[in-house]
Amino acid sequence: MSQSQRTMRTPLGRVRHHGAAGEGTGHFIALRVTSIALAILAPWFVVSAGLSLRDGEYASVIDFLTEPVNAVGVVFLVAVSLYHMKLGMDEIIVDYIRRPAAKLMLMLLNAFAAWALGAAAIFSVLVLNFGA
Amino acid sequence: MAGANSPENRPLSPHLQIWRWHVTMLSSILHRVSGVALYAAAIGFSFWLVVAAWGPGRYAIVSEHLQAWYGQGALYLIVAALAYHLANGVRHLVFDTGAGLQPSDADASAWFAILFAIAAPVGLWLLLNYGA
């Protein structure tokens, strides 16, 4: 009993193996590494796509996305931003959702959403460049 | 189990309504809100890429909505959310080094991030409409 007061961990939490999962550092670093990449990729995309696509023509979209540098940049932007997005939403879910079942469901949904969006978006860029 | 130090009787952190509003608190809340908004924007961006790969017929429908006042308004707000999340994200990267944590510095950088979020979409709009 006296030990639980010293460690700030509840006896029930200790019995149920609650507490640090030991993977927080990797999460923390990944969020920051992706943020550094996005600090370059996101402004690049907004300005260059804005300038290229402001006429609203379909041909401009194709011209922009079939330029090799742009295609690679957009694939990077999609992959890195969706990963960053997934990590950020994980943090929000863990902060606000207390019921374990709901937390697990939302985190699964979040992971599936990121992977599905990434697959669809990158596949689309590849189709525009190599498909019929 | 019962007693001054039992888990149920531990002091709670004050709830949100108790705190006096200050700009660093606002900047933290806005970071999370803009992150969630960018989650929605990422879904829209992936959808936009899919439709672009789908062909000019489908793209014309999406383009019509993007050109409409609500589409332009949504794009404007996305740029504002992105600008805020970018500026405040850089602010947090600086915080991670241990710099800028004095209250006066943190207040000033929080105001900078908010003003940047207002100025960046206006600047982009001016560039796209009146720039080169």
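So, how was this worked out
- Residues numbered from 1 in each chain as written.
- Chains lettered and ligands numbered in written order.
- Predicted model: local features only at pLDDT ≥ 70, side-chain atom pairs only at ≥ 80, totals over all residues.
- Heavy atoms only, no water.
- Helix = DSSP H or I, 4+ residues; strand = E, 2+ residues; numbered from the N terminus.
- Rg over C-alpha atoms; globule rule 2.2 N^0.38 Å.
- Buried < 20%, exposed > 50% of the residue type's maximum accessible area, 1.4 Å probe, protein only.
- Areas by Shrake-Rupley, 256 points an atom, 1.4 Å probe, with all protein chains shown as cover.
- Salt bridge = Lys/Arg side-chain N within 4 Å of Asp/Glu carboxyl O.
- Polar contact = N/O pair within 3.5 Å; in protein donor to acceptor, adjacent residues only side chain to side chain.
- Contact = heavy atoms within 4.5 Å.
- Axes fitted to C-alpha atoms, helices over the stretch in contact; angles between N-to-C directions.
- Parallel < 35°, antiparallel > 145°, perpendicular 65-115°, else oblique.
- Left-handed = near helix turned anticlockwise from the far one by under 90°.
- Nonpolar A, V, L, I, M, F, W, Y, C, P; charged D, E, K, R; others polar.

A. Representation of the overall build of chain B. From N to C terminus, chain B includes 4 helices and 0 strands. Along chain B, from the amino end to the carboxyl end, the secondary structure elements read α-α-α-α. Rg of the C-alpha trace for chain B: 21 Å, well past the compact-globule value of 14 Å for 132 residues, more than 25% over. Expressed as a percentage of its 132 residues, the buried residues of chain B come to 30%. About 8400 Å² of surface is accessible on chain B, with carbon and sulfur atoms providing 71% of the total.

B. Spotlight on the environment of A:Ala20. Secondary-structure assignment places A:Ala20 in the loop between helix 2 (11-15) and helix 3 (24-53). Overall, the relative accessible area of 83% leaves A:Ala20 in the exposed class.

C. Local environment of the pattern of salt bridges. Counting across every chain of the model gives 3 salt bridges over all chains. Between B:Asp96 and A:Arg32 there is a salt bridge, with its nearest N and O atoms 2.6 Å apart. Within this pair, whereas B:Asp96 is found in helix 3 (residues 69-96), its partner A:Arg32 is found in helix 3, the two belonging to separate chains.

D. Main features of the side chain of B:His85. Structurally, B:His85 can be placed in helix 3. Separated by 3.1 Å, the side chain of B:His85 and the backbone oxygen of B:His31 make a polar contact. With near-sequence residues (within four places) excluded, B:His85 lies in contact with A:His84, B:His31, B:Ser34, B:Gly35 and B:Leu38.

E. Structural detail: the packing of helix 5 (residues 68-96) of chain A against helix 1 (residues 23-54) of chain B. Between helix 5 of chain A and helix 1 of chain B, the shortest axis-to-axis distance is 10 Å and the interhelical angle comes to 140°. Relative to helix 1 of chain B, helix 5 of chain A is oriented oblique. Like other packed secondary-structure pairs, helix 5 of chain A and helix 1 of chain B cross with a definite hand, here left-handed. Counted together, A:Val74, A:Leu77, A:Val78, A:Leu82, A:Met85, A:Met89, A:Glu91, A:Ile92, A:Asp95 and A:Tyr96 of helix 5 of chain A and B:Arg32, B:Val36, B:Tyr39, B:Ala42, B:Phe45 and B:Leu49 of helix 1 of chain B form the full contact between these two elements. Grouping the amino acids of the contact of helix 5 of chain A with helix 1 of chain B by side-chain chemistry returns 13 nonpolar, no polar and 3 charged.

So, to be careful, I would describe these as geometric facts and stop short of saying anything about function.
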